[in-house]
Amino acid sequence: MKSRMFWTFALAACLIACGKQPPAEEAPVDAAAEEPVAVAEPAPAEPAPAESAAVEPGAAKPEFGQEFLDHMHAHAERVDEIMYALDDGDLDTARAAAYWLAKHKTVEGIPDGWQMYVTNMREAASRVEGAVDLDSARIAAEAISPQCQGCHAAAGVLAQE
């Protein structure tokens with residue numbers, strides 16, 4: 001009994017002492033540590049996102065109607081649903097949102113140069129829909145956002161913060 005009380009007191013003292021410590025400062029970095037190290041990379045499971053063809057500063061951006069914008073907002077809502085569901089460990093909800101993203105009717109007016117992003121987004125969402133566990137669903141879901149970002153960059157759409 002005495003050793004249990006000792007260890008309880010020691011643990012409490014450590015926790016109290018740690019709480020009073022000032023935040024750690026960043027350690028200086030060696031120049032040798034900054035040199036790149038060759039690391040074998042696994043083969044990509046999905047196609048790499050295509051380079052976005054950014055809009056030229058003087059180029060005219062296509063104009064989109066409210067239906068198009070509402071449709072894009074629905075995409076964002078479904079991506080959020082997928083990510084929140086995966087964070088909560090809810091594979092069925094993530095699959096349902098991914099099903100919509102993969103199979104919904106495409107809105108008219110997407111320029112041909114941006115179709116690759118839509119196709120890649122749908123393929124990634126389809127992999128989430130077909131995932132058998134949370135880990136594979138999370139890996140598949142990581143491929144969705146880069147497609148959205150690539151399309152937005154190609155369209156000249158700036159992220160709102």
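Our subject in this report is the structure included herewith. Within any chain, residue numbers begin from 1 and follow the written order of that chain's sequence. Local features in a predicted model are, by the rule used here, given only for residues with pLDDT of at least 70; side-chain atom pairs are given and counted only at 80 or more, and totals for whole chains, interfaces and linings are based on all residues. Only hydrogens and water are set aside when side-chain values are computed; all heavy atoms of the structure are taken into account.

Looking now at the packing of helix α2 (residues 66-87) against helix α5 (residues 134-141). The packing of two helices is summarised by the inter-axis angle and the distance between the axes. Axis geometry follows a simple rule: fit a line to the C-alpha atoms, using only the stretch in contact for helices, then measure angles between N-to-C directions, giving values from 0 to 180 degrees. Helix numbering and strand numbering both begin at the N terminus, where a helix is a DSSP run of H or I of at least 4 residues and a strand a DSSP run of E of at least 2. Their axes nearest at 10 Å, the elements α2 and α5 cross at an angle of 150 degrees. In this structure, the crossing between α2 and α5 has a hand that is left-handed. For the pair α2 and α5, contact is made by Ile82, Met83 and Leu86 and by Leu134, Ala137, Arg138 and Ala141, respectively. Along the lines of polarity and charge, the residues of the contact of α2 with α5 split into six nonpolar, no polar and one charged. Crossing handedness is read from the near helix: turned anticlockwise from the far helix by less than a right angle, it gives a left-handed crossing, and turned clockwise, a right-handed one. We call two residues contacting when some pair of their heavy atoms lies within 4.5 Å. In this classification, the charged set is Asp, Glu, Lys and Arg, the nonpolar set is Ala, Val, Leu, Ile, Met, Phe, Trp, Tyr, Cys and Pro, and all remaining amino acids, among them Gly, are polar.

Let us look at the nonpolar core. Membership of the largest hydrophobic core comes to 29 residues, with the highest contact counts inside it found for Ile82, Leu86, Leu101, Trp114, Val128 and Ile144. Of all elements in the fold, only α2, α3 (91-103), α4 (115-129), α5 and α6 (144-155) reach the threshold of two or more residues within this core. Once residues within four sequence positions are removed from consideration, Leu86 is found in contact with Leu91, Ala94, Leu134, Ala137, Arg138 and Ala141. Buried Ala, Val, Leu, Ile, Met, Phe, Trp, Tyr and Cys residues that are joined via side-chain atoms within 4.5 Å together make up what is termed a nonpolar core. Exposure classes here rest on a 1.4 Å probe applied to the protein chains alone. A residue is buried below 20% of its type maximum, exposed above 50%, and partly exposed in between.

The next subject is the packing of aromatic side chains. To pair, rings of Phe, Tyr and Trp, with the six-membered ring standing in for Trp, must have centres within 6.5 Å; the planes then decide the type, stacked if under 30 degrees apart, edge-to-face if over 60, and tilted in the middle. Summed over all chains, the structure comprises zero aromatic pairs. Directly above the aromatic system of Trp100 lies the positively charged group of Arg78, at a separation of 4.4 Å from the ring centroid. Whether a charge sits over a ring comes down to the Lys NZ or Arg CZ being within 6 Å of the ring centre and within 35 degrees of the ring normal.

Okay, the packing of α4 against α5 next. Orientation of α4 relative to α5, taken along the N-to-C sense of each, is 175 degrees, at an axis distance of 8 Å. Viewed along their axes, α4 and α5 adopt a mutual orientation that is roughly antiparallel. Each of Ala124, Arg127 and Val128 in α4 lies in contact with α5, whose residues at this interface are Ala137, Ala140 and Ala141. In terms of residue class, the contact of α4 with α5 is built from five nonpolar, no polar and one charged. When describing relative orientation, an angle under 35 degrees is termed roughly parallel and one over 145 degrees roughly antiparallel, while 65 to 115 degrees is termed roughly perpendicular and anything else oblique.

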